[in-house]
Structure formats: C-alpha cells, structure tokens
Amino acid sequence: QAPPIIDREPVTTPLSTGIKIIDTNLPLGRGQRELIIGDRKLGKSTIAIDTVLNQKHTESPVYCIYVLCGQKEQKVRELISLFEKHNTFLYSIIVAAPASASFAEQYLAPFVGCAIGEYFRDSGKDALIVYDDLSKHAKAYRDISLLLERAPGREAYPGDIFSLHAGLLERAAKLSKENGGGTLTALLIIETQEGDISSFIPTNLISITDGQIYLEQG
C-alpha cells in the first residue's frame, strides 16, 4: 500500500539529474513522479540512464533501481555492461523482465523494483526508480486480462489499468521525519505512436504524474 498522506512531507529537496536543461527548467524533487514521454529512438531511456549514472556525483547517496519491462535482451546486456563500466552497481540494481520473459514476469517486474525502492525509502534513505517502460507493462497486463477473458475497455485495455498504475506510482513519496524521512522518486518512460499523447495509457499516466518531459522529433 502507498503511505498515507499523514505520513508524508512536501517535496523540498531537489534530485540532480546532471542534465542542465532539466535541472534548470524542470527540476525534479526527491519523492516526485516524473514522466518521460515521446516516440521511439528520441532518447527517453538515455535521460533516465544519465540520471542514474550522475547519482555517483551527488553528496548524499541516492540508491537507484532500474526496471526493464518488455525490452529486448540486447538492451538489457548493453545496460549491464554500461553500469559495470561506470561502477554504477555500487549503488544501483537492475530488475529485468525482457520481451522473452513470460507475461507474469513482465507484469511483476515494476512491483518487484518498487518493493526494493520502498526498502530504502522506509530505511530513511533516498531512492530513485526508473520504469522502462510502462507502455510495454500495460500491454503485458492487457494480454493477461484478455487471456483471462476479462471485459476489454478502451483500446482493449482492462478497466483497472488506471488504478494499477496509480497504485504503483503513489508509492513514490517523501516520508515525514517521524517515519524516517526517506524518499522514493519515480521516473517512468512511455512510448507514444507518432507523438499521439491522447491515447489511453499516455493520458492516464500524464494525469497521475507530477510533471512530464516531452520529447519530439526536431
């Protein structure tokens, strides 16, 4: 369950991404939920990966969890080698459920990553979780629901997909000092089709998140 409002504090401490244009114009707070949205091959994952790599240079440690859901095996291998090259595993964890994994594994991966992040948050530490990406997670959940013969809704997604993602992202929070003062910051990635942000999953997640980084073809 997400921590109740009474156990939270307002977000006041910034989370440095190391990307100047974001840190100056769209600053992230520790305990915030930020959406990175755009078409394929526009650098959504690059922003998230750079943010994780740049946590090495912060004064107070930020423990990072990178969740790969429905991605190619090659991308998983490239991310692991990149993290090994930069000694990122000293403060980072990768939770991978690639496209070759079962629907159940792809469905569970974000929840497993979030539970790990909550351990750091509840221990009074700062954590950052990246969901790459939730549009593939939604598709895996849609496939499971259709196999279970649940009634399909808009774009054949089940009716509870909104509450599923809302419940997951609500667990990112800044706890009050009485509860340890830990934070869990969420960076989630969504892939759009030809810049269409009015489709079902993007509109859902735009309404849940605190801010959006929108990438489009130049």
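Before any of the text, the structure's been laid out above.
In this report, we go over the structure that sits alongside the text. These numbers were taken from a predicted model, which means no experiment stands behind them. (Residues numbered from 1 in each chain as written. Predicted model: local features only at pLDDT ≥ 70, side-chain atom pairs only at ≥ 80, totals over all residues. Heavy atoms only, no water.)

It is worth spelling out the overall build of the chain at this point. Looking only at helices and strands, the chain has seven helices and eight strands in total. Over its C-alpha atoms the chain spans a radius of gyration of 17 Å, differing by no more than 12% from the 17 Å that the globule rule assigns to 218 residues. Taken over the C-alpha atoms alone, the chain extends approximately 50 × 40 × 30 Å along its principal axes. Every one of the 218 residues in the chain was classed for burial, and the buried ones make up 50%. Pairs at least 24 residues apart make up 75% of the contacts formed inside the chain by residues separated by at least 6 positions. A total accessible area of about 10600 Å² is found for the chain, and carbon and sulfur atoms account for 54% of it. The chain carries 22 positive and 27 negative side-chain charges, and their two centres are separated by 3 Å. (Helix = DSSP H or I, 4+ residues; strand = E, 2+ residues; numbered from the N terminus. Rg over C-alpha atoms; globule rule 2.2 N^0.38 Å. Buried < 20%, exposed > 50% of the residue type's maximum accessible area, 1.4 Å probe, protein only. Contact = heavy atoms within 4.5 Å. Areas by Shrake-Rupley, 256 points an atom, 1.4 Å probe, with all protein chains shown as cover. Lys, Arg positive; Asp, Glu negative; His and termini not counted. Charge placed at Lys NZ, Arg CZ, Asp CG, Glu CD.)

Spacing of three or four residues puts side chains on the same side of an α-helix, whose turn is 3.6 residues. With 14 residues, helix α5 (residues 134-147) should cover 20 Å at 1.5 Å per step; its first-to-last C-alpha distance of 20 Å lies within 8% of that length. Restricting attention to buried positions, one finds in α5 the residues Leu 134, Ser 135, His 137, Ala 138, Ala 140, Tyr 141, Ile 144 and Ser 145. Contacts from the buried residues of α5 go to β4 (62-69), α4 (103-122), β6 (126-132), α6 (161-169), β7 (183-191) and α7 (200-208). Looking one or two residues beyond α5, the residue adopting positive phi is Glu 149, at roughly 60 degrees. (Expected span 1.5 Å × (residues − 1).)

Okay, the sheet that holds strand β3 (residues 33-38) next. Across the sheet, which stays open at both edges, the six strands sit in the order β5-β4-β6-β7-β3-β8 with parallel pairing between neighbours. Each edge of the open sheet carries a strand with a single partner, namely β5 (92-97) and β8 (211-214). For this sheet the average axis-to-axis angle between neighbouring strands, irrespective of direction, equals 15 degrees. Inspection of the sheet shows β4 paired to β5 by six bridges, in the parallel sense. Along β5, the bridge assignment pairs Val 67 with Val 95. (Pairing = 2+ DSSP bridges. Axes fitted to C-alpha atoms, helices over the stretch in contact; angles between N-to-C directions.)

Attention now moves to the packing of aromatic side chains. Applying the stated criterion to the full structure yields seven aromatic pairs. A ring pair is formed by Tyr 66 and Phe 83, whose centres lie 6.4 Å apart and whose planes are at 85 degrees; its orientation type is edge-to-face. On the criterion of sequence distance, the pair formed by Tyr 66 in strand β4 and Phe 83 in helix α3 (residues 73-85) is long-range, its members being 17 residues apart. Judged on exposure class, the residue Tyr 66 and its partner Phe 83 are both buried. Relative to Phe 89, the ring of Phe 83 lies with its centre 5.7 Å away and its plane at 70 degrees, an arrangement referred to as edge-to-face. (Phe/Tyr/Trp six-rings, centres within 6.5 Å; stacked < 30°, edge-to-face > 60°.)

Along β8, the buried face is formed by Gly 211 and Ile 213; none of Gln 212 and Tyr 214, which line the opposite face, is buried. Pairing geometry for β3 and β8, over four bridges, is parallel. Across the sheet, Glu 34 pairs through a bridge with Gly 211, a residue of β8.

Here we take up the layout of surface pockets. There is about 620 Å³ of room inside the largest pocket. What lines the largest pocket is a set of 21 residues, among which Arg 40, Lys 41, Ser 45, Gln 71 and Lys 75 lie closest to the centre. The leading source of residues in the lining of the largest pocket is α3, at five residues. Partitioning the lining of the largest pocket into residue classes produces five nonpolar, six polar and ten charged. Lining the second largest pocket are Ser 135, Lys 139, Glu 155, Tyr 157, Glu 191, Thr 192, Gln 193, Asp 196, Ser 199, Phe 200, Ile 201 and Pro 202. Secondary structure elements with two or more residues in the lining of the second largest pocket: α5 and α7. Looking at the lining of the second largest pocket element by element, the count peaks at three residues for α7. Here the lining of the second largest pocket is composed, by residue class, of four nonpolar, four polar and four charged. (1 Å grid on protein atoms, 1.4 Å probe; cavity = no way out; pocket = protein on both sides within 12 Å on 5 of 7 lines; lining within 4 Å. Points joined across faces, edges and corners; volume = space filled by probe spheres on them. Nonpolar A, V, L, I, M, F, W, Y, C, P; charged D, E, K, R; others polar.)

Geometry only, nothing functional implied.
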